[in-house]
Amino acid sequence: EDPLHAARMVCFGAEMLAAAARVRNPHTGNAVQIRVGVHSGRVMSGIVGTCRARYCLFGDTVNTASRMESTGMAGRIQVSESTYDMVVVQAGRTRAE
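As the structure is a prediction and not an experimental result, all values here were calculated from the model. (Residues numbered from 1 in each chain as written. Predicted model: local features only at pLDDT ≥ 70, side-chain atom pairs only at ≥ 80, totals over all residues. Heavy atoms only, no water.)

(A) How the structure looks around helix 1 (residues 5-21). For helix 1, spanning 17 residues, the distance from its first C-alpha to its last is 24 Å, which sits close to the expected 24 Å at 1.5 Å a residue. Buried residues of helix 1: Ala 6, Gly 13, Leu 17 and Ala 20, and no others. With its buried residues spanning 70° around the axis, helix 1 presents them on a single face. Pointing more than 90 degrees away from the buried face of helix 1 are the exposed residues Cys 11 and Glu 15. (Helix = DSSP H or I, 4+ residues; strand = E, 2+ residues; numbered from the N terminus. Expected span 1.5 Å × (residues − 1). Buried < 20%, exposed > 50% of the residue type's maximum accessible area, 1.4 Å probe, protein only. Arc of directions from axis to C-beta.)

Here you go:
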């Protein structure tokens, strides 16, 4: 396990937002906006399918991250409380700071 995984995933989400902002909608000319949801926890993974095999992740962690994304605002990263707490600890701070 990477002890900095939560902070790395939030940074990855920020990079995704920046990359999306550089893409323009060809119909409107506006920047593309995406929503990012991050949750930390255990997952199961596996290959699904035989003709068009896909690598998939399963579990409550995936479902929670999906809910974080779907209820978030465009152009923002929404993190669960557990991920937030991990990022705060990884940054060497306390929640009250």
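Back to the text.
(B) Geometry of the packing of helix 1 against helix 3 (residues 81-90). The N-to-C vectors of helix 1 and helix 3 enclose an angle of 105°; their axes lie 8 Å apart at closest approach. As the angle between them shows, helix 1 and helix 3 are arranged roughly perpendicular. Where helix 1 abuts helix 3, its residues His 5, Ala 6, Ala 7 and Val 10 lie against Thr 83, Met 86, Val 87 and Gln 90. Tallied by class, the residues present in the contact of helix 1 with helix 3 amount to five nonpolar, three polar and no charged. (Axes fitted to C-alpha atoms, helices over the stretch in contact; angles between N-to-C directions. Parallel < 35°, antiparallel > 145°, perpendicular 65-115°, else oblique. Contact = heavy atoms within 4.5 Å. Nonpolar A, V, L, I, M, F, W, Y, C, P; charged D, E, K, R; others polar.)

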